[in-house]
Amino acid sequence: MSNNRARWAQFIRWCKSLLPPSYAGVKPLAAGPGSGLLPSHGQWSYQTILENQAELICLYRADTTILYANRAYRRYFGLPERDLTSQSYQPIIYEADRQAVFEQVAAMTCHNPQVTIENRVVVDGEVRWTQWNNHCYCDDRGAIVAYQSVGRDITSLKAIERDLGATVRRDRGPTDAVLQTAASLHQRNVTLELRLAESTHQLVATNQALRREIADRQGAEAQLQASEDRFRQAIVQAPFPIIIHGEDGEIVQVSQAVVDITGYEASQLKTIADWTELAYGERQEAVLPGISRLYSLNRRIDEGEYEIKTSSGENRTWLFSSAPLGQLSHGPRLVISMAADVTQQKQAEANLDHRLGQQAVITQLSQIALSGLDLQDLFDQSTRLLADSLTVDYGKVLELLPDGQTLLLRAGVGWPQGLVGNATIPADRSSQAGYTLASQHPILVEDLATETRFQGPALLLDQGVVSGMSTIIQGSDDRPFGVLGVHCTRRRAFTQEDVNFLQAVANLLATAISRKQVEQALQELNLTLEDRVRDRTQALEEVNRELQAFSYSVAHDLRAPLRAIQGFAQVLQEDYGTRLDDLGREYIRRMSDSAEHLDALIQDLLTYSQLGRTEISLHPVSLRAVLTDLVQELQPLATAQAAQITLAPDLPLVYAQRSILSQVLNNLICNGLKFVAPGVQPQIQIWAEAREADDGRWVKLWIADNGIGIAERHRQRIFRPFERLHGLDAYPGTGIGLSIVERGIERMGGRVGVEPGEPQGSRFWVELKG
Ligand code: ADP
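Keep in mind that this is a model prediction, so the values were computed, not measured.

Undergrad: Just checking my understanding: could you explain the state of the cysteines for this structure?
TA: One covalent bond between the sulfur atoms of two cysteine residues makes up a disulfide. A complete count under the given rule lists one disulfide for this structure. Paired by a disulfide, C110 and C138 hold their sulfur atoms 1.8 Å apart. On the S-S bond that ties C110 to C138, the torsion sits near -110°, and the link is left-handed. Of this pair, C110 sits in the loop between α4 (95-106) and β5 (114-123) while C138 is found in strand β6 (residues 126-138), placing the two residues 28 residues apart along the sequence. The burial state of C110 is the same as that of C138; both residues are buried.

Below, the structure is given as structure tokens:
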């Protein structure tokens, strides 16, 4: 009993020791679970003290059912606040540790009442490490009645131990001798361990964070590596040359295109010095300063074209541009130099230039040919330009001489003095030129020494000619003029374009030759033509003079007897008329009328023929003035017929010769008065209208009558001489009046025509410049 009391007293002392000094005056609080179990002491209950302890405290029976568990215990294990008495602590223990715990608890005796057990528990589904200081309480008979467990979570501690690989010393709880000290040490130890656990926990967390960071960094590094690999791959596979190089002279990377185009292996291109030595050879020193300057670039620059040499000795043109590419980790600046291989483009440009040059030669020669220069000059210039353009040693024009057997070196460049103009070669198939004539198409020779189609003539062999080409220069009359050729003293394979050029020059020469021949023929023709024209003119003048004489003779010689006939007819009528019967007088009248008609005819013919010869000079003539005079002259005739002639008031000026204009208008008005039906009073209207045309101002003068009109089918022919639509009995006339009108108007540069009148009659018009 006393022993038991003593143990309780020990227990209470120990409990007190756990309390901070400030608890000294605390009143006992309302009891919690297991209330009344623990003895009260003074002003406060021990249960209250236990309830507020941070340690996990539990009292349980020998059968493992719980007598009391403080708040820390309940919360730790998630137990209900009340009715714990039926609960067993057993399920709380991690199953694997249960046996060991029971064995250790079972080993406790009243004489050996204390044991510290470390075991795992299951808290909220999680396995955690705990340490328990167990104490058993015995009754007076020495039987264990209850156990007390004071525990704490040592999961972190265990983790540290695991990490350290050593066991951290545990405080073994109160003993009889050093309970107080132990409690204090334990408290400090717990605090320290907690701190240690906390800092260890922090360390573990920091460690984990560091691990994560390391993992992240490794991931980033892997990504960086992958991206670098991709970049490297992109460079290597780029379809154009790329060289990445550092200012320390190292080539970091070259694209496969560099290797493919140059034929140098990447292993040969380790440094810029390697590259420049291989690609530029002797020019290396000239190129290097330019490359050095690239490392201080801050933007991309175009460097221009560089000629590089490939492993096979071929020259290629690369168009370089470079850009800064940052720095290597150990310092040197990097530059990426990219190139476009423009070799083909350059060749195409050179070919184009060459072609344009040849076109310029053709143009120049065409101009020379057209300028009328003589053929010898044209041949000289052609061979010179041809040889320059094709860069050959010799150019030649061979002329086939009239015998058809020999070709003369008519013009040429490169030949020793005295040969041009004198040297000849056979025109048969034995020479290149003769073979060209026979085959009728361009002939190319690459090496005269191995030529089998013909032998080189002495002219070529003496000059050491090796290669050449020649083509025919066509002449006129299907006979070739000769041969155009060029030759080299070295082996050369002429291209189709070279042949085309040679042929173009030959064609040009052929054109110039035939033009010259035509010119010569024309000159000869011109010389004889002038003689012929002179002869013809003389003959015409002769005929003209005869015609004029004939006209005069008609005018004077024919009219004189006519006038005699008319005179005697009149005398016969007057002196013997009374002695003649009516028939006799009728004969006399008819004879007189015929003579009068013939006289009118002669007069009209004379007028008509004179109109063809008269010199015409046009002046502004007033239509109003001319017509007013005419109407006045015709007034007696008009009066006799009771005719009316009406002139429009606004008759303008026209360009004409007044005498001819007057004659023309007279004929038209007279016809209007004459060709009316019997009993009809002639009405003649005259007016004019002007129009502006591309060739100037024209005035159209209308003379309209109310006469018998003209059927449409006759409107053309009435202007021809002697064309009359009526017999002399119906309407007298010579049939020449309208011919005079047409010729007169045409001579004055105008036109004439006729249209049906409205509502009847005819409307004649003449049109002259106004
Ligand atoms: P001529 O008057 O002497 O017969 P022209 O050459 O003047 O000769 O005329 C030729 C013909 O045209 C006339 O015979 C006539 O038949 C016809 N002709 C000319 N003028 C007119 C007109 N104003 N009205 C009808 N017929 C006309």
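Now, onward.
Undergrad: Help me understand empty space enclosed by the protein in this model?
TA: Empty space among the atoms becomes apparent when a probe as large as a water molecule is rolled across them. By the definition in use, this model includes four cavities of 30 Å³ or more. Roughly 150 Å³ of internal volume is contained in the largest cavity. If you trace the largest cavity, you find 15 residues lining it, with Y89, I93, N119, W132 and S149 closest to the centre. The biggest single contributor to the lining of the largest cavity is β5, with three residues. Across the lining of the largest cavity, the residue classes tally to 12 nonpolar, three polar and no charged.

Undergrad: Please explain the site of the ligand as it appears in this structure.
TA: Taken together, 21 residues lie around the ligand, and N671, R724, T734, G735 and L738 are the ones closest in. At 3.0 Å, a side-chain N or O of K674 approaches an oxygen atom of the ligand. Starting from 520 Å² of accessible surface for the ligand in isolation, the protein chains cover 98%. In this structure, the ligand is accommodated by the largest pocket. Of all the secondary structure elements, the ones that give two or more residues to the shell around the ligand are α17 (658-674), α18 (737-747) and β25 (762-769). For the shell around the ligand, the leading source of residues is α17, giving three residues.

Undergrad: Before we go on, may I ask you to explain the sheet that holds strand β16 (residues 443-445) in this structure?
TA: Neighbouring strands of a sheet are bound in pairs by backbone hydrogen bonds; such pairs are parallel or else antiparallel. The strand order across the open sheet built from six strands is β15-β14-β13-β18-β17-β16, with neighbouring strands paired in antiparallel fashion. Looking at the sheet topology across the chains shown, the edges are occupied by β15 (424-426) and β16. Between one strand axis and the next, the sheet turns through 25° on average, direction left out of account. Inspection of the sheet shows strand β13 (residues 394-400) paired to strand β14 (residues 406-413) by six bridges, in the antiparallel sense. Paired with K396 across the two strands is G412, which belongs to β14.

Undergrad: Just checking my understanding: could you explain the sheet that holds strand β9 (residues 251-254) for this structure?
TA: The strand order across the open sheet built from five strands is β9-β8-β12-β11-β10, with neighbouring strands paired in antiparallel fashion. Looking at the sheet topology across the chains shown, the edges are occupied by β9 and β10 (301-309). Strand-to-strand twist across the sheet, computed as the mean angle between neighbouring axes with direction ignored, equals 25°. Sheet analysis places strand β11 (residues 315-327) next to strand β12 (residues 333-341), joined by eight bridges and oriented antiparallel.

Undergrad: What is the right way to look at the environment of A143 in this model?
TA: Within the secondary structure layout, A143 lies in the loop between β6 and β7 (144-153). Judged by its relative accessible area of 33%, A143 falls in the partly exposed class. In this structure the C-alpha to C-alpha distance between A143 and T109, which are 34 residues apart in sequence, comes to 8.4 Å. For A143, the contacting residues outside a window of four places in its chain are C110, Y137 and C138.

Undergrad: Help me out: how do you make sense of the pairing of β14 in this one?
TA: Looking down a regular strand, the side chains alternate between one sheet face and the other. Most of β14 sits out of view: six of its eight residues are buried. Here β13 hands over to β14 after five residues, with G404 in that stretch at a positive phi of 75°. Judged from the three bridges that link them, β14 and β15 form a sheet pairing that is antiparallel. Considered in β15, the bridge of T406 is made with P426.

Undergrad: Could you clarify how one ought to interpret unusual backbone geometry in this entry?
TA: The phi angle of most residues is negative, glycine excepted, and most peptide bonds adopt the trans form. Here the bond from E758 into P759 is cis, since omega is 0°, no more than 30 degrees from zero. Looking at the secondary structure, you find P759 in the loop between β24 (751-756) and β25. Within the chain, D124 stands out as a residue other than glycine whose phi angle is a positive 50°. Here D124 is to be found in the loop between β5 and β6. Phi is positive for F722, which is not a glycine, with a value near 65°. When you line up the elements, F722 lands in the loop between β23 (696-704) and α18.

Undergrad: Just checking my understanding: could you explain the layout of surface pockets for this structure?
TA: There is about 1,000 Å³ of room inside the largest pocket. Surrounding the largest pocket, 43 residues form its lining, N671, K674, P732, G733 and T734 being those nearest its centre. Counting only elements with at least two residues in the lining of the largest pocket, the list comes to α15 (582-613), α17, α18 and β25. No other element matches α17, which puts nine residues into the lining of the largest pocket.

Undergrad: Just checking my understanding: could you explain a nonpolar patch on the surface for this structure?
TA: Together, I565, L572, Y576 and M591 make up an exposed nonpolar region whose accessible area comes to about 330 Å². In terms of residue count, the dominant contributor to the nonpolar patch is helix α14 (residues 496-576) (three residues). Structurally, I565 can be placed in helix α14.

Undergrad: Quick question: what am I supposed to make of the packing of aromatic side chains here?
TA: In this description, a pair of aromatic rings is defined by centroid distance and the angle of the planes. Applying the stated rule across the entire model yields 18 aromatic pairs. Measuring from ring centre to ring centre gives 6.0 Å for W687 and W702, while their planes differ by 10°; the resulting arrangement is stacked. With W687 in strand β22 (residues 683-693) and W702 in strand β23, this pair connects stretches of sequence that are 15 residues apart. Take W687: its relative accessible area is 27%, and that puts it in the partly exposed class. Overall, W702 belongs to the buried group, its relative accessible area being 6%.

Undergrad: Help me out: how do you make sense of the environment of I66 in this one?
TA: Among the structural elements, I66 can be located in strand β4 (residues 66-69). Using a relative accessible area of 0% as the deciding quantity, one classes I66 as buried. When the C-alpha positions of I66 and Y89 are compared, they lie 6.6 Å apart, and in sequence the two are 23 residues distant.

Undergrad: Before we go on, may I ask you to explain α18 in this structure?
TA: If you check which residues of α18 are buried, you get L738, S739, I740, V741, G744 and I745. Contacts made by the buried residues of α18 are with α15, α17, β24 and β25. Downstream of α18 by one or two residues, G749 has phi in the positive range, about 80°.

Undergrad: Please clarify how the packing of helix α16 (residues 623-640) against α17 should be interpreted in this entry.
TA: What describes two packed helices is the angle between their axes and the distance between those same axes. Where α16 contacts α17, the axes come no closer than 10 Å and their chain directions differ by 45°. Taken as axis vectors, α16 and α17 run oblique relative to one another. Crossing angle aside, the handedness with which α16 passes α17 is right-handed. Listed contacts from α17 to L623, A625, V626, L627, D629, L630, L634 and L637 of α16 are R658, L661, S662, L665, N666, I669, C670 and L673. Grouping the amino acids of the contact of α16 with α17 by side-chain chemistry returns 12 nonpolar, two polar and two charged.

Undergrad: Honestly, the nonpolar core in this entry has me stumped. Any pointers?
TA: Most often, soluble globular proteins keep nonpolar side chains buried together rather than apart. Of all hydrophobic cores here, the largest spans 44 residues; its most connected members are L623, L661, L665, I669 and L701. In this structure, I362, L378, L390 and V486 belong to the second largest nonpolar core, which totals 32 residues.

Undergrad: I'm lost on the side chain of T310 in this one. Help?
TA: Counting through the fold element by element, T310 comes out in the loop between β10 and β11. With sequence-adjacent residues up to four places away left out, T310 is seen in contact with I261, T262, Y264 and R316.

The rules we used
- Residues numbered from 1 in each chain as written.
- Predicted model: local features only at pLDDT ≥ 70, side-chain atom pairs only at ≥ 80, totals over all residues.
- Heavy atoms only, no water.
- Disulfide = S-S within 2.5 Å.
- Helix = DSSP H or I, 4+ residues; strand = E, 2+ residues; numbered from the N terminus.
- Buried < 20%, exposed > 50% of the residue type's maximum accessible area, 1.4 Å probe, protein only.
- 1 Å grid on protein atoms, 1.4 Å probe; cavity = no way out; pocket = protein on both sides within 12 Å on 5 of 7 lines; lining within 4 Å.
- Points joined across faces, edges and corners; volume = space filled by probe spheres on them.
- Nonpolar A, V, L, I, M, F, W, Y, C, P; charged D, E, K, R; others polar.
- Near = heavy atom within 4 Å.
- Polar contact = N/O pair within 3.5 Å; in protein donor to acceptor, adjacent residues only side chain to side chain.
- Areas by Shrake-Rupley, 256 points an atom, 1.4 Å probe, with all protein chains shown as cover.
- Sits in = over half its atoms within 2 Å of the grid points.
- Pairing = 2+ DSSP bridges.
- Axes fitted to C-alpha atoms, helices over the stretch in contact; angles between N-to-C directions.
- Contact = heavy atoms within 4.5 Å.
- Patch = residues over 30% accessible without salt bridge, like charges linked within 9 Å, V, L, I, M, F, W, Y side chains within 5 Å.
- Salt bridge = Lys/Arg side-chain N within 4 Å of Asp/Glu carboxyl O.
- Phe/Tyr/Trp six-rings, centres within 6.5 Å; stacked < 30°, edge-to-face > 60°.
- Parallel < 35°, antiparallel > 145°, perpendicular 65-115°, else oblique.
- Left-handed = near helix turned anticlockwise from the far one by under 90°.
- Core = buried A, V, L, I, M, F, W, Y, C linked by side-chain atoms within 4.5 Å.

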